[in-house]
Amino acid sequence: MVNALTTNAPSGGIEFHNVQISDPKDFEVKLKPLYTGICGTDRGEVHGNLSFAYNHPGYNFLVLGHEAVCQVIDAQENEYGIKTGDYVVPVVRRPGECVNCRIGREDNCSDGKKNEAGITGLHGFMRDYFFDMPENLVKVNDRSMVREAVLTEPAKNVMKAFEVFDTVSRRSIFQNKDSTFIGKNCLIIGSGSEAFLYSMMANEYRFNVYMTNRHSLEESKLSILEKTGSIFFDYTSGIPLKGIDLLIDTSGDPATIFRFVRTMNNNGVAILFGTKGNAPGTQVNGEDIDYIIERNISMVGSVDGSKKHYLDALRYIEKWNHAHNSVIGDLITGTYSPENTEIFLKKPEGEIKSIIKW
Ligand SMILES: [Zn+2]
């Protein structure tokens, strides 16, 4: 028996209770979650808004949680070098049988038959302990950032999206004639934790980084952006930039996306990352299509990331954590106990990333 935060997918609900989960398989490592992050996906499941979520086969519930940092409690010797006492981040997606899954790119699964811990058919990480294969764990080398490492899972999405950008932008010359991106504009729609992580990565590329939403931003969030040199604007009171080279959407709101696609520069790249199945639609007219075609604009979706992207994410979190004026720790705006199920129902004021301490 183990204490776990569960939902009934896809209908929803949230419960913190003692549940029975089957015995570990051979070679599995025993893991104690230290921190788990809460995101829009978890809240969507709890509210019953995530139609593609489903319970772990053989159970009438699903343990929540796909963002975690854990300590290895017990491990046999293994080829991945995972040892008892290590801090690790478990990966979310587990491969199916398609060609992309077989080459470690389950983030690009071809037939949709992968599983996602805490989301689609596989118990998640929000429980006192669980068992997993060492191949599904990414080691956190810098033990001083155990709390910040809970951001690895959201950050790996950012690493993958920038890999997509690198690939797509190569179809023409996207850079300046000095080979840099200096002076090019990156606009990020949304102001949640993913938006902040995207802004930090866009800074690494030396874009002029803008973030926008349909409301003003709390002082605490503005001060984080200021430290990273990014600019926020409320688009309902005007748009201060002309010409977007890289547009990244974390909102999933069609009207907002198309509002900004119409201000993109030639050869621009728009990366769609945010999902919001219940967002109202928008009218896309022939002029919008002409605009996209005439300017060679690429619109591309990007989801999840592979183990390589978890490693990249950890490397950047470590770098950002040691930076002068580091803001990475400030992205964690609240630490809660698992008994406090309210935070799944209502977003705390000023939230960037809420986490649970186990
Ligand atoms: Zn697959």
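Because the structure is predicted, anything quoted here is derived from the model rather than measured. (Residues numbered from 1 in each chain as written. Predicted model: local features only at pLDDT ≥ 70, side-chain atom pairs only at ≥ 80, totals over all residues. Heavy atoms only, no water.)

Things to note about the overall build of the chain
Reasoning step 1: Each helix and strand counted, the chain has 9 helices and 19 strands in total.
Reasoning step 2: In terms of overall dimensions, the chain is globule-like: its C-alpha atoms have a radius of gyration of 20 Å, near the 21 Å expected for 358 residues.
Reasoning step 3: Across its three principal directions, the C-alpha atoms of the chain cover 60 × 45 × 40 Å.
Reasoning step 4: Within the chain, counting contacts between residues at least 6 apart in sequence, those at least 24 apart form 71% of the total. (Helix = DSSP H or I, 4+ residues; strand = E, 2+ residues; numbered from the N terminus. Rg over C-alpha atoms; globule rule 2.2 N^0.38 Å. Contact = heavy atoms within 4.5 Å.)

A closer look at the coordination of the zinc ion
Reasoning step 1: Taken together, Cys 98 (SG), Cys 101 (SG) and Cys 109 (SG) make up the full set of protein donors to the zinc ion, lying 2.3 to 2.4 Å away.
Reasoning step 2: Written as a sequence motif, the donor arrangement for the zinc ion is C-x2-C-x7-C.
Reasoning step 3: Its relative accessible area of 8% is what places Cys 98 among the buried residues.
Reasoning step 4: For Cys 101, a relative accessible area of 5% puts it in the buried group. (Donors = N, O, S within 2.8 Å, 3.2 Å for Na, K, Ca; no water. Buried < 20%, exposed > 50% of the residue type's maximum accessible area, 1.4 Å probe, protein only.)

Points about unusual backbone geometry
Leave glycine aside and you will find that most residues have negative phi; peptide bonds, for their part, are mostly trans.
Reasoning step 1: Following Ala 9, the chain continues to Pro 10 via a peptide bond in cis, the omega torsion being 5°.
Reasoning step 2: Topologically, Pro 10 is positioned in the loop between strand 1 (2–8) and strand 2 (12–19).
Reasoning step 3: With phi around 80°, Ser 179 is a residue other than glycine that occupies positive phi space.
Reasoning step 4: Its place among the elements puts Ser 179 in the loop between helix 3 (152–169) and strand 12 (185–189).
Reasoning step 5: Classification of Ser 179 by relative accessible area gives exposed; the value is 55%.
Reasoning step 6: Residues other than glycine seldom take positive phi values, yet Asn 267 does so here, at roughly 65°.
Reasoning step 7: Tracing the sequence through the fold places Asn 267 in strand 16 (residues 264–272).

Geometric values such as these leave the question of function open.
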